[in-house]
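So you can see what is in the structure, the chains are spelled out below.
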Amino acid sequence: QFPFGRRLPCDIYWHGVSFHDNNIFSGQVNKFPGMMETVRKITLSRAMRIMQDLFPLEYNFYPRSWILPEELPLFVAEVRMMKDNNPSWKPTFIVKPDGGCQGDGIYLIKDPSDIRLTGSIQSRPAVVQEYICKPLLVDKLKFDIRLYVLLKSLEPLEIYIAKDGLSRFCTEPYQEPTLKNLHQVFMHLTNYSLNIHSGNFIHSDSVNTGSKRTFSSILCRLSSRGADVKKLWSDIISLVIKTIIALTPELKVYYQSDIPAGKPGPTCFQILGFDILLMKNLKPVLLEVNANPSMRIEHEQELSPGVFENVPSRVDEEVKVAVIRDTLRLVDPQKKKKKDTQLLFLMITEESPWQGLGSELLPSVLLCCRCQSWEQAPGASEELPGAVPGPEAALPSLCLKQVFPKYARQFSYLRLVDRVAALFIRFLGVKGTTKLGPTGFRTFIRNCKLSNSNFSMAAVDILYIDITRRWNSMGIDHKESGMCLQAFVEAFFCLAQKKYKSRPLHEQVALLIELCECRLAALQGERLLWGCG
């Protein structure tokens, strides 16, 4: 542990909360720059909305969402219109603070007028979503699934999913929302950090019972009832891949800002927590993505009033230890070296000072693993505590299953915004920035030859000013002035709709991307010829 930084370069750096060490020039870091910002509720909702505009059927696993306070009038108008069209529609909505976690500040409403319009809504924006009223129940209880996903690489994109996860249960029998039970959090909210305080919470030594169980135990139960578990897993894998595809454009902008191309820097990987709800018909719905999923493998137990002890949790241990172990196996740099060189694995033991610590409990601690050949390891012996020598064959089979690029052919057509982000990054100009200035936007238009008699450079400037001003007024990020990626995507969609009318949006965008890429390639060829001349 290096709470005050480190002196020697390492192969693997384990940051507690976020990517924050700008003095790393090699090795691998367990966090991506900008991941925390990218999976915040508002940013995630914006990214998913972009994909829903392009591919509405493929992205129908994310609930319809509105962003507060800026979209409150839109929310009110759309709900009123839907109620007018269908008087029998009795919706429920869930309000989630943007920066909230562990269920903090979440509440249910039946009507837009019920939103708590206090001063905090301005200082603490939120997302309001349609509430899933008909979830799958087990033992009459609502539950969600926490699945662990390893994003091993951005370029090329490489995704792994853990073969098992956690099922976290509410602690009161579920009833569909009514005005009388909206406030009953132990019935409607599955957050472990909330339900742990319920008198009905059950800590179990079995992975099949209690208020926290393995996902595999739920699948066994569903399979015994005749459910198509194979299709369910296929739908979950599809949901995860599509969500990561929606997030990668923003991540690439942050990545080039912190680790510019051509400069020495580390590669990154990250374990993400996907929270998924199953509907009654077994359709998976994405609730949120957690950049810092808890890796605790124990819980507190009160022995006497005010006296607590940490008790191991068999469910957590079974799922989380495997995820950490196999993540280290997959990023092991020694695999690229000679066969007789082994990674010195750090095992969580009772003597380890960081046993059971989740990433939320390591705010500024940097864990560094320095890899070396087993023969050269000082004091290496069978008695070395906390270290397991020996070949990979001695370990269990991997619990992490690769899903991308394995299934790349099925999902590559969805990566349009990735290509838009590549254009955005190309014209950023100054390395280390995440926003496009007016000159960069004009250069993009000029180099791609998108202006004409119907769309002058003056109109280009107006488009840039209008969109940038609106996005900046939302209070997204005032550290830099200019056009953020999502504003650029909006401008790009606008240009595509102007140029290719009467086509579906995804076709318009794809055609404009191909046109821009073709003209930029031709321009590059001309410059090379001029250089040779």
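Residues numbered from 1 in each chain as written. Predicted model: local features only at pLDDT ≥ 70, side-chain atom pairs only at ≥ 80, totals over all residues. Heavy atoms only, no water.

- In the nomenclature of an unreviewed UniProt entry, the protein chain is known as TTL11 polyglutamylase of Tychaedon coryphoeus.

1. So, the overall build of the protein chain
- Secondary structure assignment for the protein chain yields 15 helices and 18 strands.
- A buried classification covers 50% of the 533 residues belonging to the protein chain.
- In the protein chain, once contacts between residues fewer than 6 apart in sequence are set aside, the share between residues at least 24 apart is 68%.
- Of the roughly 26,300 Å² of accessible surface on the protein chain, 55% is carried by carbon and sulfur atoms. (Helix = DSSP H or I, 4+ residues; strand = E, 2+ residues; numbered from the N terminus. Buried < 20%, exposed > 50% of the residue type's maximum accessible area, 1.4 Å probe, protein only. Contact = heavy atoms within 4.5 Å. Areas by Shrake-Rupley, 256 points an atom, 1.4 Å probe, with all protein chains shown as cover.)

2. Topic: the confidence of the model for the protein chain
- For the protein chain, per-residue confidence averages 85 on the pLDDT scale, and residues scoring 70 or more make up 85% of the total.
- Ranking the elements of the protein chain by mean pLDDT puts strand S17 (residues 366-369) last with 44 and strand S9 (residues 158-162) first with 98.
- Confidence over residues 338-388 falls short of pLDDT 50; this stretch has 103 contacts with residues more than four positions distant or in other chains. (pLDDT = per-residue confidence, 0-100.)

3. Topic: the packing of helix H2 (residues 41-54) against helix H8 (residues 229-258)
- Running from N to C, H2 and H8 point in directions that differ by 105°, and their axes come no closer than 9 Å. Compared by their axis directions, H2 and H8 come out roughly perpendicular. Taken together, the residues of H8 that come into contact with H2 (itself represented by Leu44, Ala47, Met48 and Met51) are Thr243, Ile245, Ala246 and Leu247.
- Within the contact of H2 with H8, the residues separate by chemical class into seven nonpolar, one polar and no charged. (Axes fitted to C-alpha atoms, helices over the stretch in contact; angles between N-to-C directions. Parallel < 35°, antiparallel > 145°, perpendicular 65-115°, else oblique. Nonpolar A, V, L, I, M, F, W, Y, C, P; charged D, E, K, R; others polar.)

4. Observations concerning the nonpolar core
- With 103 residues, the main nonpolar core has Phe274, Phe441, Phe444, Phe492 and Val509 as its most contacted residues.
- Counting the residues that make up this core, at least three belong to each of domain 1 (134-339 + 397-410) and domain 2 (414-531).
- If sequence neighbours within four positions are ignored, phenylalanine 444 has contacts with Leu423, Phe427, Leu450, Phe488, Phe492, Leu495 and Cys516.
- Among the nonpolar cores identified, the runner-up in size contains 20 residues, and Leu166, Met295, Val323 and Leu328 belong to it. (Core = buried A, V, L, I, M, F, W, Y, C linked by side-chain atoms within 4.5 Å. Domains from an automatic or database assignment.)

5. Thoughts on helix H3 (residues 72-85)
- Between the first and last C-alpha of H3 there are 20 Å, a value that for 14 residues agrees with the 20 Å anticipated at 1.5 Å per step.
- Restricting attention to buried positions, one finds in H3 the residues Leu72, Phe75, Val79 and Met82. The buried residues of H3 occupy an angular sector of 95° when the element is viewed end-on, so they sit on one face. In this structure, H3 carries Pro73, Arg80, Asp84 and Asn85 as exposed residues pointing more than 90 degrees from its buried face.
- Tucked into the core, H3 has its buried residues touching strand S3 (65-68), strand S4 (93-97), strand S5 (107-109) and strand S6 (126-130). (Expected span 1.5 Å × (residues − 1). Arc of directions from axis to C-beta.)

6. Examining the sheet that holds S3
- Strand order in the open sheet formed by four strands is S3-S6-S4-S5, and the pairing between neighbours is antiparallel. Each of the sheet's edge strands pairs with one partner strand only, and the pair in question is S3 and S5. When the angles between neighbouring strand axes are averaged without regard to direction, this sheet yields 25°.
- The pairing of S4 with S5 spans three bridges and is classified as antiparallel. Residue pairing across strands places isoleucine 94 opposite leucine 108, the latter belonging to S5.
- Along the sheet face, H2 touches S3, S4 and S6 and points at about 135° away from the line of S3.
- Along the sheet face, H3 touches S3, S4, S5 and S6 and points at about 145° away from the line of S3. (Pairing = 2+ DSSP bridges.)

7. Quick word on the packing of aromatic side chains
- Under the criterion given, the structure shown has 19 aromatic pairs.
- Ring centres of tryptophan 66 and phenylalanine 93 lie 6.1 Å apart, and the angle between their planes is 80°; on these two criteria the pair is classed as edge-to-face. Of the two residues, tryptophan 66 is situated in strand S3 and phenylalanine 93 in strand S4; the sequence distance between them amounts to 27 residues.
- Among the residues examined, tryptophan 66 registers a relative accessible area of 2% and is labelled buried. (Phe/Tyr/Trp six-rings, centres within 6.5 Å; stacked < 30°, edge-to-face > 60°.)

8. Quick notes on the side chain of asparagine 447
- Secondary-structure assignment places asparagine 447 in helix H12 (residues 438-447).
- We classify asparagine 447 as buried; its relative accessible area is 16%.
- For asparagine 447, the residues in contact, after removing those within four places along its chain, are Phe427, Arg519, Leu520, Leu523 and Arg527.

9. With respect to the pattern of salt bridges
- If you walk through the whole model with that rule in mind, you get 26 salt bridges.
- Salt-bridge contacts for lysine 252 lead to glutamate 155; the nearest nitrogen and oxygen are separated by 2.8 Å. On the criterion of sequence distance, the pair formed by lysine 252 in helix H8 and glutamate 155 in the loop between strand S8 (141-153) and S9 is long-range, its members being 97 residues apart.
- By relative accessible area, lysine 252 is classed as buried at 17%.
- Judged by relative accessible area, which is 61%, glutamate 155 ranks as exposed.
- Residue lysine 320 pairs with aspartate 316 through a salt bridge whose shortest N-O separation is 3.1 Å. (Salt bridge = Lys/Arg side-chain N within 4 Å of Asp/Glu carboxyl O.)

10. Focus: the packing of helix H13 (residues 457-473) against helix H14 (residues 485-499)
- Between H13 and H14, whose axes approach to 10 Å, the crossing angle comes to 140°. Classified by the angle between their axes, H13 and H14 sit oblique to one another. For the element pair H13 and H14, the recorded crossing hand is right-handed. Along the contact surface, H13 presents Leu463, Ile467, Arg470 and Trp471, while H14 presents Gln486, Ala487, Glu490, Ala491, Cys494 and Leu495.
- Classifying every residue of the contact of H13 with H14 gives seven nonpolar, one polar and two charged. (Left-handed = near helix turned anticlockwise from the far one by under 90°.)

11. So, the state of the cysteines
- In total, this model carries zero disulfides according to the counting rule given.
- Not part of a disulfide, cysteine 448 finds its nearest cysteine sulfur in cysteine 516, a span of 3.7 Å.
- Assessed through its relative accessible area of 0%, cysteine 448 is described here as buried. (Disulfide = S-S within 2.5 Å.)

12. Overview of unusual backbone geometry
- The linkage connecting glutamate 155 with the following residue, proline 156, adopts the cis geometry, with an omega of 0°.
- The topology assignment puts proline 156 in the loop between S8 and S9.
- Look at the link from phenylalanine 404 to proline 405: it is a cis peptide, with omega at 15°.
- Topologically, proline 405 is positioned in the loop between strand S18 (400-404) and helix H10 (408-411).
- Positive phi is not limited to glycine here, since aspartate 139 has a value of about 55°.
- With respect to the element layout, aspartate 139 can be found in the loop between strand S7 (137-138) and S8.
- Judged by relative accessible area, which is 40%, aspartate 139 ranks as partly exposed.
- A positive phi angle is found at lysine 449, which is not glycine, with a value near 55°.

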